[in-house]
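Residue strings, one per chain:
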Amino acid sequence: MDLLDEPVPGVGTYEDFNTIDWVREKSKDRDRHREIATKSKESTLALMKSISDAFSGWLLMLLVGLMAGALAGGIDISAHWMTDLKEGVCLNGFWFNHEHCCWNSNETTFQERDKCPNWKSWAELIVGTNDGPFAYIMNYLMYVCWALLFSFLAVSLVRAFAPYACGSGIPEIKTILSGFIIRGYLGKWTLMIKTITLVLAVSSGLSLGKEGPLVHVACCCGNILCHLFTKYRRNEAKRRETLWRSFFAALVAAFTLRSINPFGNSRLVLFYVEFHSPWHLLELIPFILLGIFGGIWGAFFIRANIAWCRRRKTTRLGHYPVLEVLVVTAVTALLAFPNSYTRMSTSELISELFNDCGLLDSSQLCNYANVSVTKISSDALPDRPAGPDVYTAMWQLSLALVFKMLITVVTFGMKVPSGLFIPSMAVGAIAGRLLGVGMEQLAYYHHDWVIFRGWCSPGADCITPGLYAMVGAAACLGGVTRMTVSLVVIMFELTGGLEYIVPLMAATMTSKWVADALGREGIYEAHIRLNGYPFLESKEEFSHKTLAMDVMRPRRSDPPLSVITQDGMSVEEVESLIAETSYSGFPVVVSHESQRLVGFVQRRDLVISIENARKRQEGVVSASRIFFTEYTPPQPPNSPPPLKLRGIMDLSPFTVTDHTAMDIVVDIFRKLGLRQCLVTHNGRLLGIITKKDILKHMAQMANRDPDSILFN
């Protein structure tokens, strides 16, 4: 009896913390597609099923886009409201944030558009006034209390219901997309808790962003919705390939977000800016300086953050995640409140730093001294001398820069959802704005210098500090993440014009070169290595002259390779082999003597098939023989019925010879997504190389601890 004439539940699936077999999954999908195409010619119903199968991918992307866009809009609106809740409440409706509350007021003046009778600070509500030291202390106290409450709820919900909801999620998503299984990481509980706690964590005022965790949220949406469609539910590789269709999902998500309008400006981007003055070629020098700063900051941040996270994993600090979050929140809130640029949300800070000062701006950064000019354009103001408020803002921004650089190191990686895009951009935007104002004042007072002569005349709008802030933000984000092309595209979307692509490209490339010179890994790759995930980085070169025989197992001092013969083992012998070893699969050979390779069988498939046979096939006992051959030879009289398990065997496992160069083997694993590769010599099986073996070998060659690779 061949048990695999009908599918056995569980066969072909994977255990937790294992790598999928891309080749097998692709083969399964081709077989499924071939069967559907053949049946579609037989009847109209089968044809309709074929059309439905082809359309299901687009329908899935539509649903993913709608769900991800709706969640992103809801998260942004909620975070904005809860951030403002730390400072006060709207009397017209507690659900209004500060901005929306004042929109509805008829008594708001343009000069003081942030002040309206409908919005009350906590001091006004509790002590009746917003002036004086007691009112300041009351507002300070309420700000800290709300921050502690939000962060406590966030870390408690993560610990109690979804431990995988912490962090940014991008290192794990990269590992999962490469073929690794982490059960529950993209599940419904993770989605629900991450959505709620992301709002709480951002609202607490911690130095973190929501963009990275939103990637995790969107991937959860995709994984959950995949279970509605059979071809995605049953195929791990199919779930991970969506490159072209993801464009359609992004379109739907953008349309959904535009309909919700969470930013209140009818724009799709958070920091939409519009600069009115062109940049000059000589400004590339300060732009490149910002790139150097971004690269140095990125390398420093990665080293410091990884050192702190390693300390968290290896000391008692990691045993008290709630206390750590509360202490960091308390320190952040206590130090942030006195400085208006750290008290406001990081998104609001970046928006203000990107802003190009106009006539109607009442920001402290735009409070320049009044000078008489013959003509003032409605679009651009001439460079003017900085007023006292601008100098005050520079000191506050300098303190904010140091604060953000240090506090982000200990915040990223705590047991709450935490993104890195916004904090990194904030550091760069502050540095850029400081440099931009400095260049602006230099051009105003020394326009006759050689570097300004010919393009910066008195009364002209020469320098745009907001542009420097944007370039600095791109440089720091590039230094931390090592993104290049995608980062320039993202920043280009923020400006809405091609004119500033060159400054962004110059700063981003300089940042990457400087950061790579100080350390090859980006922050996400560093966290992948810290956590021991089996991820083969495509950018990492393997230049060592080692051979497959140097890496394969078993080594010379190891016991022989555990194999299964194609027709000579009993159920009891196979079950003993499974119990005595922890390998994920076994090569199948002709016999122990010849070691001629026949195929490869996965441990999980073998266990499930034997258990299923004991339940469904009458007479199967421990003495029953297991056959992986095409035909079962005649059995002696009175012998128990045999098991035919050829259907679960991979008949074409990938093999290399023992003298294959390891750089070729590494390329094969990267490009084919293999989980293991068998090593032969003249057709005779010698050993096996797994993805984990390759990662351990690469770590050893790079003088790192090979035992840091934790998972199969």
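What you see as residue numbers is a count from 1 along each chain, following the sequence as written. Note on the predicted model: pLDDT of at least 70 is required for a residue's local features to be given, and 80 or more for side-chain atom pairs to be given and counted; whole-chain, interface and lining totals, by contrast, use all residues. Note: side-chain values were computed over all heavy atoms of the structure, leaving out hydrogens and water.

- Per an unreviewed UniProt entry, the chain goes by the name Chloride channel protein and belongs to Cyprinus carpio.
- UniProt positions are given in the numbering used here, feature names are shortened, and annotations may be inferred rather than shown by experiment. On record in UniProt, under Sequence similarities (unreviewed entry), the comment for the chain is "Belongs to the chloride channel (TC 2.A.49) family."

### Quick notes on the UniProt feature "domain: CBS" (unreviewed entry) in the chain
Turning to step 1, where the next piece is worked out: Within this numbering scheme, the UniProt entry marks residues 552-616 and 649-706 as carrying the feature "domain: CBS" (unreviewed entry).
Turning to step 2, where the next piece is worked out: End C-alpha atoms of residues 552-616 are separated by 39 Å, and the span's content is 37% helix alongside 23% strand.
Turning to step 3, where the next piece is worked out: Counting from the N terminus, the helices are the DSSP runs of H or I reaching at least four residues and the strands are the DSSP runs of E reaching at least two. Across residues 649-706 one finds 38% helix and 31% strand; the C-alpha atoms that close the span lie 31 Å apart.

### A few points about the nonpolar core
Turning to step 1, where the next piece is worked out: In these notes, a set of buried Ala, Val, Leu, Ile, Met, Phe, Trp, Tyr and Cys residues joined through side-chain atoms within 4.5 Å is what counts as a nonpolar core. Only protein chains enter the area calculation, which uses a 1.4 Å probe; residues under 20% of their type maximum are buried, those over 50% are exposed, and those in between are partly exposed. Ranked by size, the top nonpolar core spans 72 residues in total, and within it Phe354, Leu397, Met470 and Met491 carry the most contacts.
Turning to step 2, where the next piece is worked out: Where this core is concerned, the elements lending two or more residues are helix H12 (284-314), helix H15 (346-354), helix H16 (388-411), helix H17 (421-445), helix H18 (465-481), helix H19 (485-495), helix H20 (501-518) and helix H21 (523-531).
Turning to step 3, where the next piece is worked out: With 35 residues, the next largest nonpolar core counts Ala79, Met82, Leu85 and Val199 among its residues.

### A look at the environment of glycine 459
Turning to step 1, where the next piece is worked out: Within the fold, glycine 459 resides in the loop between H17 and H18.
Turning to step 2, where the next piece is worked out: Residues glycine 459 and phenylalanine 255, spaced 204 residues apart in sequence, show a C-alpha to C-alpha distance of 43 Å.

### A short note on unusual backbone geometry
Turning to step 1, where the next piece is worked out: Between arginine 553 and the following residue, proline 554, the backbone shows a cis peptide bond with an omega angle of 5°.
Turning to step 2, where the next piece is worked out: Among the structural elements, proline 554 can be located in the loop between helix H22 (548-551) and strand S3 (564-565).
Turning to step 3, where the next piece is worked out: The phi dihedral of asparagine 638 falls on the positive side, at around 65°, and the residue is not glycine.

### What to know about H20
Turning to step 1, where the next piece is worked out: A helix's residues, less one, multiplied by 1.5 Å, set its expected span. Here H20 contains 18 residues, and its C-alpha end-to-end distance of 26 Å stays within 8% of the 26 Å for a straight helix at 1.5 Å per residue.
Turning to step 2, where the next piece is worked out: Considered for burial, the residues of H20 that qualify are Ile501, Pro503, Leu504, Ala506, Ala507, Thr508, Thr510, Ser511, Lys512, Ala515 and Asp516.

### Focus on the environment of arginine 316
Turning to step 1, where the next piece is worked out: Structurally, arginine 316 is set in the loop between H12 and helix H13 (321-336).
Turning to step 2, where the next piece is worked out: A polar contact of 2.8 Å, which involves the side chain of arginine 316, links it to the side chain of tyrosine 320. N or O atoms within 3.5 Å of each other form a polar contact, as long as, within protein, one can give a hydrogen and the other can take it, and as long as residues adjacent in sequence are counted only when both atoms are side-chain atoms.

### Things to note about the UniProt feature "transmembrane region" (unreviewed entry) in the chain
Turning to step 1, where the next piece is worked out: Here the UniProt-annotated "transmembrane region" (unreviewed entry) positions come out as residues 55-75, 140-165, 242-264, 284-306, 318-337, 393-413, 420-439 and 467-492.
Turning to step 2, where the next piece is worked out: As annotated, residues 284-306 comprises 100% helix and 0% strand, and the C-alpha atoms at either end are separated by 33 Å.
Turning to step 3, where the next piece is worked out: The span residues 393-413 carries 90% helix and 0% strand; its end-to-end C-alpha distance comes to 31 Å.

### Points about the sheet that holds strand S9 (residues 649-650)
Turning to step 1, where the next piece is worked out: Pairing between two strands requires that DSSP report at least two bridges joining them. Across the sheet, which stays open at both edges, the 4 strands sit in the order S3-S5-S6-S9 with mixed pairing between neighbours. Among the strands making up the open sheet, the edge pair consists of S3 and S9.
Turning to step 2, where the next piece is worked out: One ladder, built from 2 bridges, connects S3 with strand S5 (residues 585-589); its direction is parallel. Along S5, the bridge assignment pairs isoleucine 564 with valine 588.
Turning to step 3, where the next piece is worked out: Contacts are residue-level and defined by heavy atoms, with any inter-residue pair within 4.5 Å sufficient. Under this scheme, a helix contributes an axis fitted over its contacting stretch, all axes are lines through C-alpha atoms, and angles between N-to-C directions fall in the 0 to 180 degree range. On the sheet, helix H24 (residues 603-616) packs against S3, S5 and strand S6 (597-602) and is oriented at approximately 75° with respect to S6.

### A closer look at a nonpolar patch on the surface
Turning to step 1, where the next piece is worked out: Together, Leu282, Ile285, Ile288, Leu289, Ile292, Ile296, Trp449, Ile451 and Leu518 line one region of the surface with nonpolar side chains, adding up to about 760 Å² of accessible area.
Turning to step 2, where the next piece is worked out: Residue contributions to the nonpolar patch peak at 5 residues, all from H12.
Turning to step 3, where the next piece is worked out: Mapping leucine 282 onto the fold places it in the loop between helix H11 (243-260) and H12. Candidate patch residues must exceed 30% relative accessible area and have no salt bridge, after which like charges are joined if within 9 Å and Val, Leu, Ile, Met, Phe, Trp or Tyr side chains if within 5 Å. Here, Shrake-Rupley sampling with a 1.4 Å probe gives the accessible areas, and only protein chains in the shown set may cover a residue. Here, a salt bridge means any Lys or Arg side-chain nitrogen found within 4 Å of an Asp or Glu carboxyl oxygen.

### Observations regarding empty space enclosed by the protein
Turning to step 1, where the next piece is worked out: A cavity, in this analysis, means grid points on a 1 Å lattice covering only the protein atoms where a 1.4 Å probe fits yet has no way out; a pocket is instead an open set bounded by protein on both sides within 12 Å along at least five of seven lines, and a residue lines either one if it has an atom within 4 Å of a point. Grid points are joined across faces, edges and corners, and a volume is the space filled by probe spheres set on the points. Summed over the entire model, instances satisfying the criterion amount to 2 cavities of 30 Å³ or more.
Turning to step 2, where the next piece is worked out: Roughly 30 Å³ of internal volume is contained in the second largest cavity.
Turning to step 3, where the next piece is worked out: Glu25, Lys26, Asp29, Asn235, Ala237, Lys238 and Glu241 together form the lining of the second largest cavity.
Turning to step 4, where the next piece is worked out: Of all elements in the fold, only helix H1 (22-39) and helix H10 (236-239) reach the threshold of two or more residues within the lining of the second largest cavity.
Turning to step 5, where the next piece is worked out: Ranked by the residues each element gives to the lining of the second largest cavity, the list is headed by H1, at 3 residues.

### Quick word on the confidence of the model for the chain
Turning to step 1, where the next piece is worked out: The predictor reports its confidence for every residue as pLDDT, a score running from 0 up to 100. Residues with a pLDDT of 70 or more make up 93% of the chain, whose mean pLDDT is 88.
Turning to step 2, where the next piece is worked out: A low-confidence stretch, residues 373-378 (pLDDT under 50), is modelled with 3 contacts involving residues beyond four sequence positions or located in other chains.

### Structural notes on the state of the cysteines
Turning to step 1, where the next piece is worked out: Two cysteine sulfurs form what is called a disulfide whenever their separation falls within 2.5 Å. Summed over all chains, the structure comprises 3 disulfides.
Turning to step 2, where the next piece is worked out: A sulfur-sulfur distance of 2.2 Å marks the disulfide that ties cysteine 102 to cysteine 116. Judged by the sign of its S-S torsion, about -75°, the cystine formed by cysteine 102 and cysteine 116 is left-handed. In this pair, cysteine 102 is assigned in helix H3 (residues 98-103) and cysteine 116 in the loop between H3 and strand S2 (119-121), connecting sequence segments 14 residues apart.
Turning to step 3, where the next piece is worked out: Cysteine 102 gets classed as buried once you look at its relative accessible area, which sits at 6%.
Turning to step 4, where the next piece is worked out: With no disulfide of its own, cysteine 226 lies closest to cysteine 219 among cysteine sulfurs, the gap being 10 Å.

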